[in-house]
Amino acid sequence: MSRNTIKTVDIDAPPEKVFAVLCDVERWPEWTPTMTSVRRLDSGPFAIGSSAQVRQPQLRTAVWRVTELQDRRNFTWTTHTPGLRMTAGHLIEPQGAGSRVELTLELSGLIAPVVSRLFGGRIERYIATESQGLKKRSES
């Protein structure tokens, strides 16, 4: 069983700028209160296989690993615990002179229905907050 949360936001900035903001994951706490800290666990360019330790208010610390990355267009990363896999997508599409960004979070695994029931509202609020923070940071 899986559950998807999707939030779309239009941003008045070109895809390459939005992508640069998204891939600079250690700076996310500067523009969204849903992140307490993000620390890269490797060095070098942000790429497939890159990982980061993410701390969020009222959630367990998690290590996220990049599984897909398409320059100026998309990056996806995943984290898992026994019985649960979370996959977060960050898709950027050109929209006139700006961008349309789709943020997604998919919960899958044996305990996904329970996690969804317990944390679904918080997940939706966090993604909405992150989309607005991304918009503000990318447009500045």
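Everything here concerns the structure above.
This report concerns the structure included in the present document. Model, not experiment: these values are computed from the prediction.

## A word on the overall build of the protein chain
In step 1: Looking only at helices and strands, the protein chain has three helices and seven strands in total.
In step 2: If you list the helices and strands of the protein chain from N to C, you get β-α-α-β-β-β-β-β-β-α.
In step 3: When its C-alpha atoms are laid out on the principal axes, the protein chain stretches across 40 × 30 × 25 Å.
In step 4: Burial analysis of the protein chain (140 residues in total) assigns 42% to the buried set.
In step 5: Restricting the contact set of the protein chain to residue pairs at least 6 apart, pairs at least 24 apart contribute 48%.
In step 6: Carbon and sulfur atoms make up 52% of the accessible area of the protein chain, which amounts to about 7,600 Å² in all.
In step 7: A gap of 7 Å separates the mean positions of the 19 positive and 15 negative side-chain charges of the protein chain.

## Examining the nonpolar core
In step 1: With 33 residues, the main nonpolar core has Val18, Val25, Trp28, Phe75, Trp77, Val101 and Leu134 as its most contacted residues.
In step 2: Non-local contacts of Val25, meaning those with residues more than four positions away in its chain, are made with Val38, Arg40, Phe46, Ala52, Phe75 and Trp77.

## Things to note about the pattern of salt bridges
In step 1: Within the structure shown, the criterion is met by eight salt bridges.
In step 2: Taking the shortest distance from any N to any O, the salt bridge between Asp24 and Arg27 comes out at 4.0 Å.
In step 3: Across the pair Arg27 and Glu30 runs a salt bridge, and its minimum N-O distance is 3.2 Å.
In step 4: The class for Arg27 is partly exposed, based on a relative accessible area of 39%.
In step 5: According to the relative accessible area criterion, Glu30 is partly exposed, its value standing at 47%.

## Quick look at the pairing of strand β7 (residues 98-108)
Residues in a regular strand point their side chains to alternate faces of the sheet.
In step 1: Note: strand β6 (residues 84-95) against β7, 11 bridges, orientation antiparallel. Its bridge partner lying in β7, Leu91 is registered against Glu102.
In step 2: Following β6, the chain reverses through two residues before pairing antiparallel with β7; Gly96 in that reversal takes a positive phi of roughly 60°.

## Focus: the environment of Glu130
In step 1: Within the element layout of this structure, Glu130 appears in helix α3 (residues 112-139).
In step 2: Sequence-wise, Glu130 and Thr34 are 96 residues apart; in three dimensions their C-alpha atoms are separated by 7.0 Å.
In step 3: With residues near it in sequence (within four places) discarded, Glu130 still touches Trp31, Thr32, Thr34, Met35, Gln56 and Leu103.

## Examining the side chain of Thr78
In step 1: The topology assignment puts Thr78 in strand β5 (residues 74-81).
In step 2: Since its relative accessible area comes to 10%, Thr78 is described here as buried.
In step 3: Contact partners of Thr78, with chain neighbours within four places excluded, come to Val63, Trp64, Arg65, Thr67, Arg85, Met86 and Thr87.

About the thresholds
- Residues numbered from 1 in each chain as written.
- Predicted model: local features only at pLDDT ≥ 70, side-chain atom pairs only at ≥ 80, totals over all residues.
- Heavy atoms only, no water.
- Helix = DSSP H or I, 4+ residues; strand = E, 2+ residues; numbered from the N terminus.
- Buried < 20%, exposed > 50% of the residue type's maximum accessible area, 1.4 Å probe, protein only.
- Contact = heavy atoms within 4.5 Å.
- Areas by Shrake-Rupley, 256 points an atom, 1.4 Å probe, with all protein chains shown as cover.
- Lys, Arg positive; Asp, Glu negative; His and termini not counted.
- Charge placed at Lys NZ, Arg CZ, Asp CG, Glu CD.
- Core = buried A, V, L, I, M, F, W, Y, C linked by side-chain atoms within 4.5 Å.
- Salt bridge = Lys/Arg side-chain N within 4 Å of Asp/Glu carboxyl O.
- Pairing = 2+ DSSP bridges.

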